[in-house]
Amino acid sequence: MNHIQGSLIYEGKAKRVFACKSPDKVLIEFKNDATAFNAKKRSEIKGKGRLNCKISAALFELLESNGIPTHFLELHSETFMIADKINVIPIEVVIRNLATGSLCRETPIPQGTILNPPLLDIYYKDDNLGDPILTEERLKLLDLISMIEMEKIKNITRSVNKILKEYFDSLDLLLVDFKLEFGTNSLGKLVVADEISPDNCRFWDKKNSDPKGRILDKDRFRQDLGGVIDAYEEILNRIEKTSSKTT
Ligand code: UDP
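Residues numbered from 1 in each chain as written. Predicted model: local features only at pLDDT ≥ 70, side-chain atom pairs only at ≥ 80, totals over all residues. Heavy atoms only, no water.

K.L.:
Any chance you could explain the overall build of the chain here in plain terms?
P.N.:
Broken down by element type, the chain carries 6 helices and 13 strands. The globule rule puts the C-alpha radius of gyration for 247 residues at 18 Å, and the 18 Å found for the chain is close to it. Put simply, the chain has 247 residues, and 49% of those count as buried. Excluding contacts between residues fewer than 6 apart, the proportion of contacts in the chain whose partners are at least 24 apart in sequence is 56%. Carbon and sulfur atoms form 50% of the exposed surface of the chain, whose accessible area is close to 12500 Å². Treating the 37 positive side-chain charges of the chain as one cloud and the 38 negative ones as another, the clouds have centres 2 Å apart. (Helix = DSSP H or I, 4+ residues; strand = E, 2+ residues; numbered from the N terminus. Rg over C-alpha atoms; globule rule 2.2 N^0.38 Å. Buried < 20%, exposed > 50% of the residue type's maximum accessible area, 1.4 Å probe, protein only. Contact = heavy atoms within 4.5 Å. Areas by Shrake-Rupley, 256 points an atom, 1.4 Å probe, with all protein chains shown as cover. Lys, Arg positive; Asp, Glu negative; His and termini not counted. Charge placed at Lys NZ, Arg CZ, Asp CG, Glu CD.)

K.L.:
Any chance you could explain unusual backbone geometry here in plain terms?
P.N.:
Apart from glycine, the bulk of residues carry a negative phi angle, and the bulk of peptide bonds sit in the trans form. In this structure, the amide linkage connecting Asn 116 to the following residue, Pro 117, adopts the cis form with an omega of 5°. One can find Pro 117 in strand β10 (residues 114-124). Its identity as a non-glycine residue notwithstanding, Asn 38 has a phi of 55°, on the positive side. Locating Asn 38 in the fold gives a position in the loop between β4 (33-36) and β5 (41-44). Judged by its relative accessible area of 34%, Asn 38 falls in the partly exposed class. A positive phi angle, near 55°, is found at Asp 224, a position not held by glycine. Given the relative accessible area of 62%, Asp 224 is considered exposed.

K.L.:
What am I meant to see in the packing of aromatic side chains here?
P.N.:
The full count for this structure, using the stated rule, is 4 aromatic pairs. With a centroid separation of 5.2 Å and an interplanar angle of 70°, the aromatic rings of Tyr 167 and Phe 168 are classed as edge-to-face. Given a relative accessible area of 17%, Tyr 167 falls into the buried group. Their ring planes at 50° and their centres at 4.6 Å tell us that Phe 168 and Phe 203 sit as a pair that is tilted. Placement of the pair is Phe 168 in helix α4 (residues 147-170) and Phe 203 in strand β13 (residues 201-205), with a sequence separation of 35 residues. Classification of Phe 168 as buried rests on a relative accessible area of 0%. Every member of this aromatic cluster is reached through a ring pair, and the members are Tyr 167, Phe 168 and Phe 203. One cation-aromatic arrangement involves Lys 41 over Phe 221; the distance from NZ or CZ to the ring centre is 5.0 Å. A cation over an aromatic ring shows up here: Arg 214 above the ring of Trp 204, its NZ or CZ 3.9 Å from the ring centre. (Phe/Tyr/Trp six-rings, centres within 6.5 Å; stacked < 30°, edge-to-face > 60°. Lys NZ or Arg CZ within 6 Å of the ring centre and 35° of its normal.)

K.L.:
How should the site of the ligand be read in this particular structure?
P.N.:
Near the ligand you find 16 residues, and of these Arg 96, Ser 102, Asp 177, Arg 202 and Arg 222 are the closest. Contacts to the ligand include Arg 105, whose side-chain N or O atom sits 2.9 Å from an oxygen atom. Contributing elements (two or more residues each) for the shell around the ligand: β9 (91-98), α2 (102-106), β11 (173-184) and β13. Residue composition of the shell around the ligand, grouped by class: 4 nonpolar, 3 polar and 9 charged. (Near = heavy atom within 4 Å. Polar contact = N/O pair within 3.5 Å; in protein donor to acceptor, adjacent residues only side chain to side chain. Nonpolar A, V, L, I, M, F, W, Y, C, P; charged D, E, K, R; others polar.)

K.L.:
Looking at this model, I keep getting lost on the nonpolar core. Mind explaining?
P.N.:
When a protein is soluble and globular, its nonpolar side chains tend to lie buried together. Ranked by size, the top nonpolar core spans 56 residues in total, and within it Leu 59, Ile 91, Ile 153, Val 160, Leu 164, Phe 168 and Phe 182 carry the most contacts. If near-sequence neighbours (up to four positions away) are discounted, Leu 164 is found in contact with Leu 59, Leu 62, Leu 63, Leu 175, Phe 178 and Ile 196. Counting residues in hydrophobic clusters, the runner-up holds 5 residues, among them Phe 18, Cys 20, Leu 27 and Phe 80. (Core = buried A, V, L, I, M, F, W, Y, C linked by side-chain atoms within 4.5 Å.)

K.L.:
Just checking my understanding: could you explain helix α1 (residues 48-65) for this structure?
P.N.:
Each full turn of the α-helix corresponds to 3.6 residues, which orients residues three or four apart in the same direction. For α1, built from 18 residues, the straight-helix expectation of 26 Å at 1.5 Å per residue is met to within 8% by its first-to-last C-alpha distance of 26 Å. Of all the residues in α1, the buried ones are Lys 48, Gly 49, Leu 51, Asn 52, Cys 53, Ile 55, Ser 56, Ala 57, Leu 59, Phe 60, Leu 62 and Leu 63. Gly 67, located one to two residues past α1, shows a positive phi value of around 85°. (Expected span 1.5 Å × (residues − 1).)

Structure follows, in structure tokens:
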């Protein structure tokens, strides 16, 4: 694997993207930086980059093995992965199985309400605007993608949710909600991009009924609950236990 770490193409809040030997690929570095509330709250959490990189790689592999196209190609090291170079579609797709977070802040829906069918929300990816939620009409008005492409994105998101929900259920974890990003690769193919980790998913431990104790994701950072890295480590440990069972 002689991928030269080339020039920095882009630096985001939690990742850096570098050029690769091949023009169709990029190297993505997962940083230890943590941000919340549109980067108003910031910190460095030692070990987070490694955990999110490994968790994302395992979950992208799981999705690929279930026929979901992703940008993931291979792990390069503990904090770097090689992925398709993509054109990012500037939307964030959130799917929710249980009500919490912004849904409960912005509507009278009580915490923990089961959402069946899961609720799918589309946001406009723009930090300056605070990632506003989009109505279908506003999405059409912005003309970011065709409605056919949007339907594909919604269907892929629902399939990803089904696969991940079932998988995490078997690890005694409730998949509360998560955010996906999408892009098109050099072949024009629509792929799931970014990361899938406790930074952009909510996980509740089924073995713990304490409403704070059960949280195993970035809400520990958002709500100053402590034990952030232990929670992320617990997610990776449970994933690795299942993969050692199947190999
Ligand atoms: N999320 C994310 N990035 C964002 C906003 C949300 O990854 O910019 C994830 C978040 O971790 C959660 C889901 O999307 O798993 C739903 O988040 P919500 O809309 O409830 O917002 P929050 O309460 O985090 O402000």
